[in-house]
Amino acid sequence: MSDTTQKLSFLEKTGYSGADAAANFVFMTMVLFQLNFYTDTFGLSAGAAAAILLWPRLWDAIADPMVGILADRTNTRWGKFRPWILFTAVPWAVIMVLAYTTPKGWSMAALMTYAAITNTLLMTIYSMNNMPYAALGGVMTGDINERAQLNSYRFVAVNAAQFIVGGFTLPLVAKFAMGHDRAYGWRMTMTVWAVLCLVLFLFTFATTRERIQPTRSEKSSPKQDFLDLLKNGPWKVMFFWTLVHFAILSFRGGALYNYYHHYADKAAMFDFVEQFGLVAAAGAEPRGGILETLGYIVHGGRANLANSNVADVFNSIINMLGTGLTIVVILVSPSLARKFGKKAVSAAGFALATLGTLAFYFLPPTSTWGMIGLTAFISMVYAPTIPLTWAIFADVADYSEWTTGRRFTGMVFATIGFALKSGLALGSASFLWIMQGFFHYDTKLPSAAEAVAGYRFNSGISVAVLFAICTVLLAAYQLNKHTTLRMADELAARRNKAPAT
């Protein structure tokens, strides 16, 4: 019999969280920096970078349903989903480094081919690892409150990883690049992250267990699973919501990197970091310490900042502030969900994020404290939506079982994964297309006046529109608090009566 009310231990919740923390060393690097790595370090044009970002991720989106079909039909002594995490761990680490390595002396055609192949491999291994990982959370326990807590643990770990990636990647790249070049800095930084990923994946495999088993022994075809899924109204809403949501992440990441490096006033950012002792006079000897080691000290004076790392440092502080606040607020998301329901909390969060993002457009380039304040506000209102929307995906899988009598968790998460990867692909590519088409963006002239206007417009107005679309879709989502509780109770009764397969 399936154990549908299993209370999960602290170790298992923490262990489950490890693999998603690992995934975010790739995911957040991709969201925040990959676009600009390809244009600024790898040397691709905007059009070539858009293609490299678009097609591998679209392939990855296609790979997700294929992995879902295979994962649903995997049967080992370790379960259906855990083996995928184990056997992809080492390839993940190797490909992660290769994807951020810039070959020397290659022609542009060869570089584009290399980038396309390594990015495609990275996205493929991401699917083979992360899709089964996402489905794993749906079969560890059937208790909806335990699932909410599990996802809270998970997203605390995710945001800890995001804190590290957003806060330390650029300073470390600059630090490793000293005496070498930016390409070397990227390769060494990604090697550090790859080793951490390998350790975290092994930790997840060792500490988690699968408990929920199908309640019927009949076999179904992938085609039947998909046809049944098309009848699932909540799945349709969440599919399109996921598409837009993850387009926001990659679109916003590319826009904000350029916003801070080309729109925000470098002298104002210098004055800001100087308040916190993060400045060393030009020509001064390195003063040592952890901040110097991590690349957090700006060397030089206020009058000569064009080639300094001041934008890297300020951007990283902004990233750390946002993820730090997100971690704190995520801790209260289960209690908010119990009181108001996942749908209501998530819709309110996206509505407020829309307003906060729109305000970004009206900030002058010298308003560093305004940038800090809006980042804090957006992070706090958006934070509760992060674990709750992933818990909603598990509810969508439950809804399929509730209405069809069959559970195909892998297919649900695979198709959501398809929307996720498609959104990421379209977000990055759309940012470059908009910049090229409307603001005449040339990657060799990133500080041109029209391009700077584009960074500002896209960071504020464009992203706000996307947040508003997500708000509308969440308002249309059919599974409110009452329906979710009723569904969970009925499924628990069914599972307790039926023999496991």
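Preceding this section is the structure that the text describes.
Every value quoted in this text rests on a predicted model; they were computed, and no experiment measured them.

Participant: Just checking my understanding: could you explain the overall build of the chain for this structure?
Facilitator: Helix and strand counts for the chain stand at 19 helices and two strands. Scored against the burial criterion, the 501 residues of the chain give a buried share of 61%. Partitioning the contacts of the chain with sequence separation of at least 6, the portion at a separation of at least 24 is 83%. Summing over all exposed atoms, the chain offers an accessible surface of approximately 18,900 Å²; the carbon and sulfur share of this is 68%.

Participant: So what exactly am I meant to see when it comes to helix α10 (residues 266-274) here?
Facilitator: Because an α-helix packs 3.6 residues into every turn, residues spaced three or four apart end up facing the same way. Taken residue by residue, α10 has Ala267, Ala268, Met269, Phe270, Phe272 and Val273 as its buried positions. Two or three places before Ala267, at the start of α10, stands the capping residue Asp265, its side-chain oxygen 3.2 Å from that residue's backbone nitrogen.

Participant: Would you take a moment to explain the environment of Phe413 for this structure?
Facilitator: For Phe413, the location among the structural elements is in helix α17 (residues 409-439). Taking the C-alpha atoms as reference points, Phe413 and Gly138, separated by 275 residues in sequence, lie 9.5 Å from one another.

Participant: Looking at this structure, I do not really get the side chain of Ser462. What am I missing?
Facilitator: Mapping Ser462 onto the fold places it in helix α18 (residues 449-476). A relative accessible area of 14% places Ser462 in the buried class. Polar side-chain contacts of Ser462 include one of 2.9 Å to the side chain of Asn458. Setting aside residues up to four positions removed in sequence, Ser462 forms contacts with Phe251 and Phe457.

Participant: How should the pattern of salt bridges be read in this particular structure?
Facilitator: As a working rule, side chains carrying opposite charge can pair if their charged atoms are close by. For the coordinates displayed, the defined rule picks out five salt bridges. Asp181 is the salt-bridge partner of Lys104, the closest N and O atoms lying 2.6 Å from each other. Placement of Lys104 in the loop between α4 (89-99) and α5 (108-139) and of Asp181 in the loop between α6 (144-177) and α7 (182-207) is noted, with a sequence separation of 77 residues between them. Looking at Lys104, the relative accessible area reads 54%, which means it is exposed. Take Asp181: its relative accessible area is 29%, and that puts it in the partly exposed class.

Participant: Even after reading the chapter, I still don't get the packing of aromatic side chains, so can you show me in this structure?
Facilitator: Aromatic ring pairs are defined here through the distance separating the ring centres and the angle between the ring planes. Here the structure, examined in full by the defined rule, presents 37 aromatic pairs. Note on Phe439 and Phe457: the rings are 6.0 Å apart at their centroids and 45 degrees apart in plane angle, and the pair reads as tilted. With Phe439 in helix α17 and Phe457 in helix α18, this pair connects stretches of sequence that are 18 residues apart. A residue is classified by how much of its surface remains accessible, and Phe439, at 15% relative accessible area, is buried. Residue classification places Phe457 among the partly exposed positions, given a relative accessible area of 31%. Members of the aromatic cluster, connected to one another through ring pairs, are Phe33, Phe37, Tyr38, Phe42, Tyr100, Trp106, Tyr114, Trp186 and Tyr257. Between the NZ or CZ atom of Arg82 and the centre of the ring of Phe205, over which it lies, the distance is 4.5 Å. The aromatic ring of Tyr361 is capped on one face by Arg456, whose charged end is 4.3 Å from the ring centroid.

Participant: Even after reading the chapter, I still don't get the environment of Asn319, so can you show me in this structure?
Facilitator: You can see Asn319 is positioned in helix α12 (residues 310-330). Once the C-alpha coordinates of Asn319 and Ile372 are considered, the two residues, 53 residues apart in sequence, prove to be 9.8 Å apart. Apart from residues no more than four positions distant in its own chain, Asn319 is found in contact with Leu32, Phe33, Gly166 and Gly167.

Participant: Can you help me understand the side chain of Ser250 in this one?
Facilitator: Structurally, Ser250 is set in helix α9 (residues 233-263). Among residues more than four places away in sequence, those in contact with Ser250 are Val31, Arg57, Gly423, Leu424, Gly427 and Ser428.

Participant: Explain the packing of α4 against α5 here, please?
Facilitator: The packing of two helices is summarised by the inter-axis angle and the distance between the axes. Across the interface, α4 lies against α5 with an axial gap of 9 Å and an inter-helix angle of 150 degrees. Accordingly, the angle class assigned to the pair α4 and α5 is roughly antiparallel. Of the two elements, α4 crosses α5, and the hand of that crossing is left-handed. Where α4 abuts α5, its residues Pro91, Trp92, Ile95, Met96, Leu98 and Ala99 lie against Tyr114, Thr118, Leu121, Leu122, Ile125, Tyr126 and Asn129. Classifying every residue of the contact of α4 with α5 gives 11 nonpolar, two polar and no charged.

Participant: Before we go on, may I ask you to explain helix α14 (residues 342-360) in this structure?
Facilitator: Between the first and last C-alpha of α14 there are 27 Å, a value that for 19 residues agrees with the 27 Å anticipated at 1.5 Å per step. For α14, the complete set of buried residues consists of Lys342, Val345, Ser346, Ala347, Gly349, Phe350, Ala353, Thr354, Gly356, Thr357 and Phe360.

Participant: Just to check I follow, could you spell out the packing of α4 against α7 for this structure?
Facilitator: Direction vectors running N to C along α4 and α7 enclose 170 degrees, while the axes themselves pass 8 Å from each other. One way to sum up the angle between α4 and α7 is to call them roughly antiparallel. When α4 is examined against α7, the residues Ala89, Val90, Trp92, Ala93, Met96 and Val97 are found in contact with a partner set consisting of Arg187, Met190, Thr191, Trp193, Ala194, Cys197, Leu198 and Phe201. Looking at the contact of α4 with α7, its residues break down into 12 nonpolar, one polar and one charged.

Participant: What should I look at first to understand unusual backbone geometry in this one?
Facilitator: The general pattern is negative phi for most residues beyond glycine and trans for most peptide bonds. Phi is positive for His440, which is not a glycine, with a value near 50 degrees. Structurally, His440 can be placed in the loop between α17 and α18.

Participant: Mind showing me how you'd approach a nonpolar patch on the surface here?
Facilitator: On the surface, Trp59, Ile62 and Met66 cluster together into a nonpolar patch covering about 280 Å² of accessible area. Mapped onto the elements of the fold, Met66 is located in helix α2 (residues 46-72).

What counts as what
- Residues numbered from 1 in each chain as written.
- Predicted model: local features only at pLDDT ≥ 70, side-chain atom pairs only at ≥ 80, totals over all residues.
- Heavy atoms only, no water.
- Helix = DSSP H or I, 4+ residues; strand = E, 2+ residues; numbered from the N terminus.
- Buried < 20%, exposed > 50% of the residue type's maximum accessible area, 1.4 Å probe, protein only.
- Contact = heavy atoms within 4.5 Å.
- Areas by Shrake-Rupley, 256 points an atom, 1.4 Å probe, with all protein chains shown as cover.
- Polar contact = N/O pair within 3.5 Å; in protein donor to acceptor, adjacent residues only side chain to side chain.
- Salt bridge = Lys/Arg side-chain N within 4 Å of Asp/Glu carboxyl O.
- Phe/Tyr/Trp six-rings, centres within 6.5 Å; stacked < 30°, edge-to-face > 60°.
- Lys NZ or Arg CZ within 6 Å of the ring centre and 35° of its normal.
- Axes fitted to C-alpha atoms, helices over the stretch in contact; angles between N-to-C directions.
- Parallel < 35°, antiparallel > 145°, perpendicular 65-115°, else oblique.
- Left-handed = near helix turned anticlockwise from the far one by under 90°.
- Nonpolar A, V, L, I, M, F, W, Y, C, P; charged D, E, K, R; others polar.
- Expected span 1.5 Å × (residues − 1).
- Patch = residues over 30% accessible without salt bridge, like charges linked within 9 Å, V, L, I, M, F, W, Y side chains within 5 Å.

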